[in-house]
Amino acid sequence: MSTVTNRSVYATVRQQFDKAADLMNLDPPIRKILSKTTNEIVVNFPVKMDNGNIEMFTGYRVQHNNVLGPYKGGLRYHPSVDIDEVRALATWMTWKCAIAGLPLGGAKGGIQIDPRKYSQSEIERITRRFTFALGSNIGPEYDIPAPDVNTNAQIMAWILDTYLQMMPPQERNRSTHVVTGKPIQSGGSVGREKATGQGVVYVIEMWAQDNAVDLSEITYCVQGFGNVGSWAARLMKMHGARLVAVEDATGAIHNPEGIDPDDLTAYVQEYGGLAGYPQGQPVDHPTFLSTTADIFVPAALENQITAQTAPLLNVRLVVEGANGPTDIEGDAILQQRGIELLPDILCNAGGVIVSYFEWLQNKRSEYWDLDEVDHKLHKKMRAAYASVRDTAHEYSTDLRTAAYIVALTRLEKVYKERGIFP
Ligand code: NAD
């Protein structure tokens, strides 16, 4: 298990933004607008615990920009959630939706808690009370939350139900698109659960094609074996790629012969983490990071690839499944060492793309099948990947800066067309 450094992730976002804005010569007034968040909502609310005591919780929702469409972004339940982290994650959502060509803006939120310390019924009450506290700051045509770290379809169902209770009865059936990532029976989309991991794998496939790499011959490691990491690994298995090391919050394991992602997923579901998994040798964090492999997929938290850890990596390619796993110094070291990096705002866009499909299905009262969802996801990921790759060539820059330029170019056009009120 890694330790999370305190480096400001919002400072990272601003430096990444400045680099791209300088290179593309972003229009100065638009640069001013995009370097700020639009709304920052902080709510403190009481919840009754199972033992009858009352505890206070702090929840956040930051809305960065909605010029392209309603605010969109996940909710995270984690002790590291604070205003700095949520600002950064909201800003990344704006770029991500712009790169993916979605009519959506960027937001993010969460509660500063360690969910492992609470019972299911406490988590339900915390979720419902947070939704109530957010009130009309979220809405199906205004700001649409989704799952992120430590939140899932069940939590989305509680948010949906609470939100609908606050609506007049006549409005309820037209408001199910207030959250995405819902359980299928409650209006969720097939393919949403695996969507982020699927998008990561589509990007790896496109990279492999560009670089004439045969995925059946490669090895890879994954950090974080939750939604994104486990799905990415299970889908990589279909290519015959070999998973040689995995780390989560409970520890890390290594097996040069290969770890079966489906078997590990079943184990993690049963035991809550990979600690004790018998088909791998337990290793410490630096050993995990030093594993020799072709690809490293960070799919846990921010600030994992840093000045201290980037020199340890022994891979050819980093594919960012998590948001912000690489800080500014880490990025520079990877570049010096010739390790390629496919950036988060491209690689993990599959989640928000299928969330957008879910939102559309709810609005139209439709159910799409998995082939349709996957086909449309593939098309969007392909277009996003191609525009980022081509922009990197055009500006002779790295893929992260290119991804920013793709996003900022789209946003700049819209601001120029619409002008600034009044
Ligand atoms: P999750 O809660 O399902 O899984 C998180 C995983 O990270 C778990 O395996 C956990 O044990 C591990 N982890 C936590 N702390 C760790 C530590 N200190 N060291 C090593 N591992 C640790 O979350 P998720 O939804 O898979 O999200 C993972 C990342 O992907 C986050 O950065 C999230 O913002 C990003 N992301 C998620 C989605 C989505 O659709 N869920 C979409 C886009 C981006």
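Residues numbered from 1 in each chain as written. Predicted model: local features only at pLDDT ≥ 70, side-chain atom pairs only at ≥ 80, totals over all residues. Heavy atoms only, no water.

Colleague: What should I look at first to understand the overall build of the protein in this one?
Modeller: When its secondary structure is counted, the protein shows 15 helices and 12 strands. For a compact globule of 422 residues, the expected C-alpha radius of gyration is about 22 Å, and the protein comes in at 21 Å, within 12% of that figure. Seen along its three principal axes, the alpha-carbon backbone of the protein occupies a region of about 55 × 55 × 40 Å. Counting contacts in the protein only where the partners sit at least 6 residues apart, residues at least 24 apart contribute 69% of the total. About 17,300 Å² of surface is accessible on the protein, with carbon and sulfur atoms providing 50% of the total. Across the protein, the 40 positively charged side chains and the 49 negatively charged ones have centroids separated by 7 Å. (Helix = DSSP H or I, 4+ residues; strand = E, 2+ residues; numbered from the N terminus. Rg over C-alpha atoms; globule rule 2.2 N^0.38 Å. Contact = heavy atoms within 4.5 Å. Areas by Shrake-Rupley, 256 points an atom, 1.4 Å probe, with all protein chains shown as cover. Lys, Arg positive; Asp, Glu negative; His and termini not counted. Charge placed at Lys NZ, Arg CZ, Asp CG, Glu CD.)

Colleague: Explain the sheet that holds strand β1 (residues 39-48) to me, please; I cannot follow it from the model alone.
Modeller: Pairing between the strands of a sheet is mediated by backbone hydrogen bonds and can be parallel or antiparallel. Spatial ordering of the open sheet is given by β1-β2-β4-β3-β5, a layout of five strands whose pairing is mixed. Edge positions in the open sheet fall to β1 and β5 (143-147), since each of these has one partner strand only. Taking the axes of each pair of neighbouring strands and ignoring which way they run, one obtains an average angle of 20° across the sheet. Along the sheet, helix α3 (residues 83-99) makes contact with β1, β2 (54-65), β3 (71-77) and β4 (106-111), crossing β2 at roughly 35°. Lying over the sheet, helix α4 (residues 120-134) contacts β1, β2, β3 and β4, oriented at roughly 135° with respect to β1. (Pairing = 2+ DSSP bridges. Axes fitted to C-alpha atoms, helices over the stretch in contact; angles between N-to-C directions.)

Colleague: Just checking my understanding: could you explain the nonpolar core for this structure?
Modeller: Proteins that are soluble and globular tend to have nonpolar side chains buried together. Core analysis: the largest hydrophobic core is formed by 91 residues, its most contacted members being Trp92, Trp95, Leu264, Ile295, Val319, Leu342 and Leu408. For this core, the element with the most residues is helix α15 (residues 399-418), which contributes 11 residues. Residue contributions to this core reach at least three from each of two domains, namely domain 1 (37-177) and domain 2 (195-342). If you look at the next biggest cluster of nonpolar residues, it comprises 26 residues, including Ile41, Ile126, Ile155 and Trp158. (Core = buried A, V, L, I, M, F, W, Y, C linked by side-chain atoms within 4.5 Å. Buried < 20%, exposed > 50% of the residue type's maximum accessible area, 1.4 Å probe, protein only. Domains from an automatic or database assignment.)

Colleague: Looking at this structure, I do not really get the packing of helix α8 (residues 227-237) against helix α9 (residues 261-271). What am I missing?
Modeller: For any two helices packed against each other, the geometry comes down to the angle between their axes and how far apart the axes lie. Running from N to C, α8 and α9 point in directions that differ by 155°, and their axes come no closer than 8 Å. With respect to α9, the axis of α8 lies roughly antiparallel. Touching Ser230, Ala233, Arg234 and Lys237 of α8 are Pro261, Asp262 and Thr265, all from α9. Per-class residue counts for the contact of α8 with α9 are two nonpolar, two polar and three charged. (Parallel < 35°, antiparallel > 145°, perpendicular 65-115°, else oblique. Nonpolar A, V, L, I, M, F, W, Y, C, P; charged D, E, K, R; others polar.)

Colleague: Would you explain the domain arrangement of the protein in this entry?
Modeller: Size of an interface, as often reported, equals the accessible area lost when the parts are brought together. Segmentation of the protein into domains returns domain 1 (37-177) and domain 2 (195-342). Here the C-alpha centre of domain 2 lies 28 Å away from the C-alpha centre of domain 1. Carbon and sulfur atoms make up 49% of the surface buried where domain 1 meets domain 2, a total of about 540 Å² over both sides. Remark: the boundary between domain 1 and domain 2 carries one salt bridge. The partner of arginine 76 in a salt bridge is glutamate 302, with the nearest N and O atoms 2.6 Å apart. On the surface where domain 1 and domain 2 come into contact, there are two residue pairs in polar contact (both at pLDDT 80 or more). Here the side of domain 1 that touches domain 2 gets four residues from one element, more than from any other, and that element is α3. When grouped by side-chain class, the residues that make up the side of domain 1 that touches domain 2 number three nonpolar, one polar and five charged. (Buried area = accessible area lost by both parts, 1.4 Å probe. Salt bridge = Lys/Arg side-chain N within 4 Å of Asp/Glu carboxyl O. Polar contact = N/O pair within 3.5 Å; in protein donor to acceptor, adjacent residues only side chain to side chain.)

Colleague: Even after reading the chapter, I still don't get the packing of helix α13 (residues 350-364) against helix α14 (residues 370-395), so can you show me in this structure?
Modeller: Where α13 meets α14, the closest approach of the two axes is 10 Å, and the angle between their N-to-C directions is 130°. Compared by their axis directions, α13 and α14 come out oblique. As α13 packs across α14, the resulting crossing turns out to be right-handed. Across the interface between the two elements, Gly350, Ile353, Val354, Tyr356, Phe357 and Gln361 of α13 pack against Val373, Lys376, Leu377, Lys380 and Met381 of α14. By residue class, the composition of the contact of α13 with α14 is seven nonpolar, two polar and two charged. (Left-handed = near helix turned anticlockwise from the far one by under 90°.)

Colleague: What should I look at first to understand the pattern of salt bridges in this one?
Modeller: Tallied over the entire structure, the rule returns 30 salt bridges. Between aspartate 210 and arginine 389 there is a salt bridge whose closest N-O contact spans 3.0 Å. Linking aspartate 210 in helix α7 (residues 195-210) with arginine 389 in helix α14, this pair joins segments that are 179 residues apart in sequence. Look at the salt bridges and you will find they share partners, linking Arg76, Glu85, Lys108, Asp148 and Glu302 into a network.

Colleague: Hey, could you run me through unusual backbone geometry in this one?
Modeller: Glycine aside, negative phi is the norm for most residues, and most peptide bonds take the trans geometry. Each neighbour pair has its own omega, and for phenylalanine 421 with proline 422 the value is 5°, a cis peptide bond. One can find proline 422 in the segment after α15. Positive phi outside glycine occurs at asparagine 150, with the angle close to 65°. One non-glycine residue, asparagine 303, lies in the positive phi region at around 55°.

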